[in-house]
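# Architecture and fold: a report
Listed here are the chains, written in short residue letters.
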Amino acid sequence: MPQLPVDVRASIRLFAYYLGNGTLAMKLLGDIDYQSALGENGSVLEQIFAIYTNVLEIDESGKVTNGEQASYRAAQWIRAYCDPQFEVEPPFEQWECELQL
């Protein structure tokens, strides 16, 4: 059975590490205690990973080409969730937030 390329698995692992460690996108989220929100409802974590993986792009050789952008878009969603006054720029497009079934 085919697996995700090593670079993609590494990118997802690092994203999960920074998210769980409270160090994701420090310039955007540094003063936000988003970790408590992660445990409130499973759909919060589900949405964060959906945005990250929907935005994540890989090249023909399986290398991640926009890991920082994918992390930042997920961080923007977290910031908006924790701070309703925060405006996401640019606004999320529908495909970025889709939950794949």
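A short tour of the structure in this document, coming up. (Residues numbered from 1 in each chain as written. Predicted model: local features only at pLDDT ≥ 70, side-chain atom pairs only at ≥ 80, totals over all residues. Heavy atoms only, no water.)

### Concerning the overall build of the protein
What counts, and what does not: Elements are defined by DSSP. Helices are runs of H or I of four residues or more, strands are runs of E of two residues or more, and each kind is numbered from the N terminus. Throughout this description, buried means an accessible area under 20% of the type-specific maximum (1.4 Å probe, protein chains only), exposed means over 50%, and partly exposed covers the range between. Contacts were defined at the residue level, with two residues in contact if any of their heavy atoms lie within 4.5 Å. Charge counting follows a simple rule: Lys and Arg are positive, Asp and Glu are negative, and His as well as the terminal groups are ignored. A single reference atom marks each charge: NZ on Lys, CZ on Arg, CG on Asp, CD on Glu.
Secondary structure assignment for the protein yields 6 helices and 0 strands. Going from N to C terminus, the protein has its helices and strands arranged as α-α-α-α-α-α. Dimensions of the protein along its principal axes, counting C-alpha atoms only, are 40 × 30 × 25 Å. Taking all 101 residues of the protein together, 35% fall into the buried category. The long-range share in the protein, meaning contacts at least 24 apart out of those at least 6 apart in sequence, stands at 56%. One way to put it: in the protein the 6 positive side-chain charges average out to a point 10 Å from where the 15 negative ones average out.

### A closer look at unusual backbone geometry
Omega for the bond connecting E89 with P90 falls within 30 degrees of zero, at -10°, which places this linkage in the cis form. Of note in the backbone geometry, A25 takes a positive phi value of approximately 40° without being a glycine. Here A25 lies in the loop between α1 (6-21) and α2 (26-29).

### A word on the packing of aromatic side chains
Selection rule: Aromatic rings from Phe, Tyr and Trp, with only the six-membered ring used for Trp, were paired whenever their centres fell within 6.5 Å, and each pair was classed as stacked if the ring planes differed by under 30 degrees, edge-to-face if by over 60, and tilted otherwise.
Evaluation of the coordinates by the stated rule reveals 4 aromatic pairs. For the pair W77 and Y81, a centre-to-centre distance of 5.3 Å together with 15° between the ring planes defines the contact as stacked. Taken as a pair, W77 and Y81 lie in helix α5 (residues 67-82) at a separation of 4 residues, close to a single helical turn. The exposure class of W77 is buried, given its relative accessible area of 18%. An aromatic cluster is present here, built from F15, F49 and Y52 joined pairwise through their rings.

Any functional reading would require information beyond the geometric quantities listed.
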